Amino acid sequence: MIQHECGYEIDIRCKKCDKALIYNERLGIHCPSCGREVTLLCHGCGKKW
Ligand SMILES: [Zn+2]
Ligand SMILES: [Zn+2]
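Quick caveat, the model's predicted, so the values are computed rather than measured. (Residues numbered from 1 in each chain as written. Chains lettered and ligands numbered in written order. Predicted model: local features only at pLDDT ≥ 70, side-chain atom pairs only at ≥ 80, totals over all residues.)

Engineer: Would you mind going over the environment of Ser 33 in detail, with residue names and values included?
Structural biologist: The topology assignment puts Ser 33 in the loop between strand E4 (28–30) and strand E5 (37–38). For the pair Ser 33 and Lys 19, spaced 14 residues apart in the sequence, the C-alpha separation amounts to 6.9 Å. (Helix = DSSP H or I, 4+ residues; strand = E, 2+ residues; numbered from the N terminus.)

Engineer: I'd love a proper account of the sheet that holds E5, names of residues and values included.
Structural biologist: In spatial order, the strands read E3-E4-E5; together these three strands make up an open sheet with antiparallel pairing. Only two strands of the sheet have a single neighbouring strand rather than two, namely strand E3 (22–24) and E5. Pairing of E4 with E5, which is carried by two bridges, proceeds in the antiparallel orientation. Within E5, the residue paired with Ile 29 across the bridge is Val 38. (Pairing = 2+ DSSP bridges.)

Engineer: Outline unusual backbone geometry, listing residues and values.
Structural biologist: Phi is positive for Asp 18, close to 65°, though the residue is something other than glycine. By the element assignment, Asp 18 lies in the loop between strand E2 (9–10) and E3. Given 9 C-beta atoms within 10 Å, Asp 18 falls into the exposed group. (Buried ≥ 20, exposed ≤ 12 C-beta atoms within 10 Å, placed from the backbone.)

Have a look at this one:
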């Protein structure tokens, strides 16, 4: 589960290895297992994650 700055939370998983994705400011949303990076718009406020 990751939380956007607006407070919206989403449970998102890697399509490749099915691990829960994590967020940090440097890497953005990414998979801790394979390193796959995901660009996502927040469904709550519509801004880039
Ligand atoms: Zn992965
Ligand atoms: Zn948001």
